[in-house]
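Structural features, examined
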Amino acid sequence: MSDQTELSKRVEALRQEIEHHTYLYYAKDAPEISDAAFDSLMRELRELEAAHPELIVPQSPTQRVGGYVGEQFSPVVHEQRMYSLDNAMDFGELDAWLDRVEDAFGKMVDVCCELKIDGSSIALTYEDGLLIRAATRGDGTTGEDVTANMRTVRDIPLRLRAEAMDDIVAGVDSLELRGEVYMPKSSFEMLNAAAEMEGKAPFANPRNAAAGSLRQKDPHVTAQRDLSTFLYAVANDAALEVEGQWELLQWLREAGFHVNPDVELCTTKAQVRAFCERALERREALAYEIDGVVVKVNSFALQRQMGFTARAPRWAIAYKFPPEEKTTLLRDITVQVGRTGKLTPVAELDPVVVAGSTVSRATLHNEDEVARKDVRVGDTVIVRKAGDVIPEVLGPVLSLRPADAVPWHMPKTCPSCGSVVVREETEADYRCISIDCPAQALERLLHWASRGALDIDGMGEEIVSRLVASGRVSDVADYYMLTELELAALDMGRTNKRGQAITLGKTVAAKLIGAIEQSKTRSFARVIYGLGIRHVGKTVAELVAAAFPTIELLSAATEEQLAQVSGVGEKIAHAIYLFMRTPDNVDVIERLARYGVTMADALPLEGEEGEKPLDGLTFVLTGSLVQSGMTRDEAGSALKALGAKVTGSVSKKTSYVVAGEEAGSKLDKALALGVPVLNEQQLLDLLETGRVPEGEN
Ligand code: AMP
């Protein structure tokens, strides 16, 4: 026998030995040799293969890592669709399903109860006993090819054990086996602890960690993650000489797979329920996450009779555990400002593990909700989480409430920009309506640049976020201050192959500057829409622009006047009125006007040629208009829009002096000259009706 043959034999023997011990370790949970002895077998095999690369085959235990980069994530069509499971949310629904099974066969039949592993489903294809492909579930019909990564998962055999091959039906050369990839709880904790140390975002729960690890670009990364599997299905059960689920699980074990040991064949409802209750009791103690129990009609022949719905098999049901609840301390209630200005109270909790993931924050939705639940800072609160559901604060444990706990209220100003927040009567939410609020910057900037608004072609999310990040742009008026040079040099936050920062570049910059310039000529209605006033969509903006064709008119309009525009109700009128009276917004609008953005309808005012109610009258304004909060300029513009002239000094020709609070010498002069004086209320009435107060004329 040649040396080469000897060598091949030794290599093959080593492989078989290693596979055998891997099988004992994972599938049987009964190792026969020490880890050190196992490692030494591995080392010898590795050394032989390194010296004789021609002997390396993909199914060698040494090939679990690497080699297949690039083939991953291409689509894989499943041999049979990977269905989801119908859920039973309580024992009532579980019994109802068992009744349906009984009805289908006229008697109760054996059902196989298994733990529902909370991981990521996987389909493994073996051809002639060798693992050739691993795919995710994807949409059920087509998944992603994750073969290179799955090869690194130690508890799946790269080839099926010979004993099991005998049970494959003659002529079948390809088998698709299915199961769940999961990350043990302890490994998940360690992975997250490491992520935290490196300042990386942690995974939300072991399921996400498993799914994320499976879809790594680099299989070496997957190899470092502690992933395990439990197999429980075959795509085409006719391919195996097994009659039902119970036998299939035995076969999978024999073939070398890790199969969950908590399985039971049941024949009565009481047995099924007892299995579920036991699973629930043991849940916490298990090394991995489960989120329920899967009950399957055992016989494959009977399964076929029941068939599938469009979504799931009729012959199986997932009993989902009731949501898990824990208590923890409510340390604080903070306020988050959303991208649209909505203020959301958030419960800051002492971290607590609920249904497998650590919860330290939970939304409290709005002020009413906080009051309804009566949760206060310092309370011990009950936190609930059900499967995928977002954590929820259910309420306080009143007996543990500290004596000094006080009801919570929404702050009066925005935590992001300090602007006064508003709440509409009919709504539960408070909002920050400042156009200059950093928390809303991106959303507002994108809205301004969007098609229906100012339509700045090319100003998309990536560029806008970079502009915001660079500090160059924080509100919509800043767009008009940008120069071509600084746009061209904008750091896009990425580097090229040589490690140099990628910038926006001259060509795109020039185009953008052109587009910004162009945007100045859009209609006034689009400007109104672009400002992002709450409830003001395109149609409302057009109606408003038609009724108040200049920014001066719009700024001066009272709520009542706005509400009179057909199509504009009180709610919208209120929103516009408030928006136009928020100092930051006034400031941005003034800047936009200064930079040349349209602030009036191009068309002449309807009836402009005709008479206006205050034609021929001259007004002087003095003091401050505290009731309406209008500036003198705004009031002046509103008067002008009605045809009046507004001047700065009082003379005999002055028709009226409007005196606000703390009016000074102009009021004295008016009185001396006998010029009629209007107070603020009379001015507001005048603006609304277009008529001067009776007896004053
Ligand atoms: P769902 O995603 O909630 O519709 O539940 C269906 C999923 O449960 C399947 O796609 C499997 O990935 C998973 N699952 C976990 N354990 C089992 C099990 N023992 N039998 C069948 N499916 C399981």
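So, here is what we can say about the structure in this document.

Secondary structure summary: the protein contains 25 helices and 24 strands in total. Taken over the C-alpha trace, the protein has a radius of gyration of 36 Å; the compact-globule value for 697 residues is 26 Å, which it surpasses by more than 25%. Taken over the C-alpha atoms alone, the protein extends approximately 125 × 60 × 50 Å along its principal axes. Going through the 697 residues of the protein one by one, you find that 48% of them count as buried. Within the protein, counting contacts between residues at least 6 apart in sequence, those at least 24 apart form 68% of the total. Of the charged side chains in the protein, 76 are positive and 107 negative, and the gap between their average positions amounts to 3 Å.

So, on to helix 25 (residues 680-689). Three- or four-residue spacings in an α-helix give side chains the same orientation, since the helix completes a turn every 3.6 residues. Of the positions making up helix 25, those classed as buried are E680, L683, L684, L686 and L687. For helix 25, the angular spread of buried residues about the axis comes to 160 degrees, placing them on one side. Buried residues along helix 25 sit against helix 20 (559-564), strand 21 (618-622), helix 23 (632-641), strand 23 (656-659) and strand 24 (677-678).

Evaluated as defined, the whole model comprises nine aromatic pairs. The interplanar angle of 5 degrees and the centroid separation of 4.9 Å between the aromatic rings of F91 and Y319 together place this pair among those described as stacked. Separated by 228 residues along the polypeptide, F91 in helix 3 (residues 91-105) and Y319 in strand 11 (residues 316-320) bring together distant segments of the chain. Y319 matches F91 in its accessibility class, with the two residues each being buried. Both rings, one in Y182 and one in F230, keep their centres 4.9 Å apart while their planes meet at 15 degrees; by these two values the pair is stacked. Remark: F230 occurs in strand 8 (residues 228-234) and Y182 occurs in strand 7 (residues 174-182); sequence separation between them is 48 residues. Judged by its relative accessible area of 5%, Y182 falls in the buried class. Exposure remark for F230: the relative accessible area of 4% places this residue in the buried category. Among the aromatic side chains, those forming a connected cluster through ring pairs are Y83, F308 and W315. A cation sits over an aromatic face here: R81 above Y83, 4.8 Å from the ring centre. The ring of Y23 has R161 lying over it, and the distance from NZ or CZ to the ring centre is 3.8 Å.

As a further point, take the sheet that holds strand 23. Hydrogen bonding along the main chain pairs the strands of a sheet, whether they run parallel or antiparallel. Taking strand neighbours across the sheet as the criterion, the four strands line up as 22-21-23-24 in an open arrangement whose pairing is parallel. This sheet does not close on itself; its edge strands, each paired only once, are strand 22 (645-647) and strand 24. Relative to strand 22, strand 21 runs parallel, the two being bridged by three bridges. Across the sheet, residue V620 finds its bridge partner in strand 22, namely T647. Sitting on the sheet, helix 24 (residues 665-673) touches strand 21, strand 23 and strand 24, and the angle it makes with strand 21 is about 135 degrees.

Before going further, it helps to spend a moment on the environment of R43. Following the sequence through the fold, R43 ends up in helix 2 (residues 35-51). R43 gets classed as partly exposed once you look at its relative accessible area, which sits at 48%. On a C-alpha basis, the gap between R43 and V295 in space is 43 Å, while along the polypeptide they are 252 residues apart.

A few words on the site of the ligand. Looking at the ligand, there are 14 residues lining it, with E114, S121, R137, E180 and K296 nearest. If the ligand stood free it would expose 500 Å²; the protein chains cover 85% of that surface. Residues that form the shell around the ligand fall into these classes: six nonpolar, two polar and six charged.

Interaxial distance between helix 1 (residues 3-26) and helix 2 falls to 10 Å at its minimum, and their mutual angle equals 145 degrees. Taken as a pair, helix 1 and helix 2 cross one another with a handedness that is left-handed. Facing helix 1, whose interface residues are L7, R10, V11, L14, R15, E17, I18, H21, T22 and Y25, helix 2 presents D35, F38, L41, M42, E44, L45, L48 and E49.

The rules behind the values
- Residues numbered from 1 in each chain as written.
- Predicted model: local features only at pLDDT ≥ 70, side-chain atom pairs only at ≥ 80, totals over all residues.
- Heavy atoms only, no water.
- Helix = DSSP H or I, 4+ residues; strand = E, 2+ residues; numbered from the N terminus.
- Rg over C-alpha atoms; globule rule 2.2 N^0.38 Å.
- Buried < 20%, exposed > 50% of the residue type's maximum accessible area, 1.4 Å probe, protein only.
- Contact = heavy atoms within 4.5 Å.
- Lys, Arg positive; Asp, Glu negative; His and termini not counted.
- Charge placed at Lys NZ, Arg CZ, Asp CG, Glu CD.
- Arc of directions from axis to C-beta.
- Phe/Tyr/Trp six-rings, centres within 6.5 Å; stacked < 30°, edge-to-face > 60°.
- Lys NZ or Arg CZ within 6 Å of the ring centre and 35° of its normal.
- Pairing = 2+ DSSP bridges.
- Axes fitted to C-alpha atoms, helices over the stretch in contact; angles between N-to-C directions.
- Near = heavy atom within 4 Å.
- Areas by Shrake-Rupley, 256 points an atom, 1.4 Å probe, with all protein chains shown as cover.
- Nonpolar A, V, L, I, M, F, W, Y, C, P; charged D, E, K, R; others polar.
- Left-handed = near helix turned anticlockwise from the far one by under 90°.

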